[in-house]
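The lines below spell out each chain.
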Amino acid sequence: MLAHFSNIITVFLMVAGLFIIIARGNLIKKLIGLSLFQTSVYLLYITPGKLIGGTAPIISPQYTVYSNPLPHVLILTAIVVGVATLALGLALAVRIREAYGSIEEDEILERDHGVEAEEAKEARS
Amino acid sequence: MSLAQHLPALQVVLPLISAPLAVLSRRAGLAFLIVTAAAWTAFAIAIALWLQVDLSGPVSYPIGNWEPPWGIEYRLDRLNSFMLVLVSGMAAVVLPYSRASIEREIPQESHYLFYAMLGLCLTGLLGMSITGDAFNLFVFLEISSLSTYVLIAMGRDRRALTAAYQYLIMGSIGATFIVIGIGFLYLMTGTLNLADMVDRVARIENSRPGLAALAFITVGVSLKVALAPLHQWLPNAYTYAPSSVSAFLAATATKVALYALIRFYFTVFGDAFLFEKLPLPKMMLVLSLFAMFFANFIAIFQDNLKRLFAYSSIGQIGYITLGLSFDSIDGVAASIMHLFNHGVAKGAIFLLVGAIVARLTTRQSAPPAPGFDRIAGLARSMPWTCFGIVIGGLSLIGVPGTAGFISKWYLVLAAVDKGQWWLVGAILFSSLLAVAYVWRFVEAAYFRAPPAGREAFGEASLSLLIPAWLLVGATVWFGIDTSFTVGSAIEAAQQLVHNHK
């Protein structure tokens with residue numbers, strides 16, 4: 001159980017993030033869920049890279065066990081991608097709030113359906 | 001090293017540099033010139049690389065001279081050199097069209113940003129096609145996705161914003177699934193180089209992490225492919241995006257994701273394992289049939305032309321995955337052909353629908369939805385536009401003389417080869433659904449009287465018509481001279497399918 005400690009946390013964060021995206025109708029909360037979901041993947045990559053007793057990967061005669069640096073590099077890129085996604089998502093949420101006056105998914109859908117009904121009426125007349 | 005050896009890097013780097021330059025220029029005209037020049041150069045490079053692969057086999061390019069598998073490798077074979085030609089060719093056609101098309105769709109002050117985003121999107125799609133590194137593939141996927149969200153949000157209708165947001169959420173979930181899958185593969189094999197992974201994956205693919213990696217990658221890529229029932233983001237995104245963006249995305253974005261699916265299935269995991277030991281062929285068959293019938297059926301009842309053709313795209317993706325599920329050289333070749341032929345035909349259609357939207361738009365109002373009532377009798381005032389859409393539609397149906405016929409013909413051959421006669425019936429019957437929605441357009445545009453009170457307007461301007469008709473011409477051309485498409489697709493399939501029986 002304890003050996004899989006990091007994996008359990010990873011999976012918990014992953015599922016919690018996905019759940020928030022699906023269950024919440026608030027656009028900002030959805031983005032928080034998305035961030036949580038993406039962050040869990042950072043853990044998935046980084047934790048196996050660390051070896052207990054391993055040191056930084058600088059070759060030296062004193063050490064024989066090194067941690068794997070590659071996951072860190074990969075995740076640095078993934079973090080940048082995550083930040084960009086979050087920034088863009090928030091920017092879209094701001095624009096949606098300007099256009100609709102709401103960031104609740106059901107209210108936005110309601111307003112769109114109103115517009116579509118009007119369009120259909122207009123097309124028939 | 002001479003310049004010619006660096007073509008694989010330049011293929012991606014030139015569009016990448018064009019984007020920040022376009023932002024720095026801050027002027028629509030200059031930004032347009034920079035990005036268009038980059039796209040045309042990329043198209044020329046893609047053709048040069050295709051010829052190089054044609055002459056001397058696969059090309060490997062170590063980025064920064066770090067030898068693979070340690071460094072990132074760009075690897076070109078039959079399949080992705082073909083994809084590069086499609087993606088860069090579409091960009092080269094769509095960009096000149098954009099100049100006139102976005103005039104009324106996007107506020108003047110953000111035109112230069114539009115070109116920068118299109119340049120970035122092109123970079124991402126080209127990078128996804130050319131790279132031989134799993135993590136690099138994810139990074140390019142995100143570059144193309146993020147710029148796509150911005151491009152969709154630039155549509156004038158406020159629903160473009162919600163469409164972009166919805167796509168952002170679903171696309172990011174898909175991309176994260178792909179990273180999780182790649183992460184599992186990396187944990188198990190210790191390599192990210194796709195070619196290097198092949199042998200090592202063969203040893204672990206039956207293990208639980210191997211299967212989990214396969215599942216995550218399948219779901220993640222299918223989201224980007226918009227394989228039904230994961231297509232929810234697509235109709236709104238294509239409907240409310242600016243016209244040139246709809247055309248570019250329909251022709252390239254889902255196609256490159258399909259390429260990624262083919263790459264992971266056939267190169268990394270290997271078809272011998274996937275299609276023999278797992279129930280994957282049956283699953284793909286069911287999903288493909290679902291897409292072919294369900295999406296084509298929904299398309300018939302759409303009132304907005306853009307949404308109609310968006311649903312038609314989801315249906316056409318079904319044919320492509322159907323070909324993959326056969327796991328035979330004919331089937332995979334049919335998929336690769338259809339990927340190209342459908343991209344060209346659907347690109348043409350969306351460009352021409354965009355021309356209609358541009359004509360219907362007045363200077364003050366937002367672009368109206370191209371509904372069937374609005375386009376009634378349009379063929380009298382816009383004969384070239386409507387005729388082009390009809391030819392594109394014929395290719396969607398698969399009428400002989402158009403590109404769509406060739407790929408559907410190979411698909412039918414592959415089905416017969418497998419002894420699946422009922423599938424031949426399914427392919428034909430679902431094509432009849434396509435007849436129905438194309439006929440709806442023909443009926444409205446050619447046989448209905450124009451609504452009274454609509455002010456007369458002429459044919460679309462030449463700057464919109466010429467790029468669109470280039471693609472219409474290509475649709476007919478690849479229906480008659482098939483040496484490029486069929487030749488490339490069959491050779492690519494021979495490299496991919498190892499499961500000779």
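Residues numbered from 1 in each chain as written. Chains lettered and ligands numbered in written order. Predicted model: local features only at pLDDT ≥ 70, side-chain atom pairs only at ≥ 80, totals over all residues. Heavy atoms only, no water.

1. Quick look at the overall build of chain A
To keep things clear, this is the line we draw: Comment: elements are numbered from the N terminus, with helices defined as DSSP H or I runs of at least four residues and strands as E runs of at least two. Taken over C-alpha atoms, the radius of gyration is set against a globule rule of 2.2 Å times the number of residues to the power 0.38. Each residue is placed in one exposure class: buried if its accessible area under a 1.4 Å probe, protein chains only, is under 20% of its type's maximum, exposed if it is over 50%, and partly exposed if it falls in between.
Counting secondary structure elements, chain A contains four helices and zero strands. Ordering the α and β elements of chain A from the N terminus gives α-α-α-α. Here the C-alpha atoms of chain A give a radius of gyration of 22 Å, more than 25% beyond the 14 Å that 2.2 N^0.38 yields for 125 residues. In terms of its C-alpha atoms, chain A occupies a principal-axis envelope of roughly 85 × 30 × 20 Å. Within chain A, buried positions represent 30% of all 125 residues.

2. A word on helix α3 (residues 70-100) of chain A
What counts here: The length a helix should cover is 1.5 Å for every residue beyond the first.
Here α3(A) is 31 residues long and its end C-alpha atoms lie 45 Å apart, about the 45 Å a rise of 1.5 Å per residue gives. Once α3(A) finishes, A:G101 follows within two positions and takes phi at roughly 75°, a positive value.

3. Let's talk about the packing of aromatic side chains
Basically, it comes down to this: Any Phe, Tyr or Trp ring, taking Trp's six-membered ring, that has another such ring centre within 6.5 Å forms a pair; planes under 30 degrees apart are called stacked, those over 60 apart edge-to-face, and the others tilted. Whether a charge sits over a ring depends on NZ of Lys or CZ of Arg being within 6 Å of the ring centre and within 35 degrees of the ring normal.
All told, the structure shown has 25 aromatic pairs over all chains when counted by the stated rule. Note on B:F82 and B:F340: the rings are 4.9 Å apart at their centroids and 25° apart in plane angle, and the pair reads as stacked. Taken as a pair, B:F82 in helix α3 (residues 78-101) and B:F340 in helix α13 (residues 329-360) lie far apart in primary sequence, 258 residues in all. Each member of the pair B:F82 and B:F340 is classed as buried. Three or more aromatic residues link up through ring pairs in this structure, and these residues are B:W50, B:F82, B:F340, B:F478 and B:F484. Above the plane of the ring of A:Y100 lies B:R158, whose end atom (NZ or CZ) is 4.2 Å from the centre. Above the plane of the ring of B:Y319 lies B:K408, whose end atom (NZ or CZ) is 4.4 Å from the centre.

4. Considering the confidence of the model for chain A
The following threshold applies: pLDDT runs from 0 to 100 and stands for how confident the predictor is about each residue.
A residue-level look at chain A finds 93% of positions with pLDDT of 70 or above and a mean pLDDT of 89. Per-element averaging of pLDDT across chain A places helix α4 (residues 105-124) of chain A at the bottom with 78 and α3(A) at the top with 95.

5. Digging into the environment of B:D271
Residue and element names in this part refer to chain B. Here D271 shows up in helix α10 (residues 243-277). The exposure class assigned to D271 is buried, which follows from its relative accessible area of 1%. Spatially, the C-alpha atoms of D271 and H498 are 6.9 Å apart, while their sequence positions differ by 227 residues.

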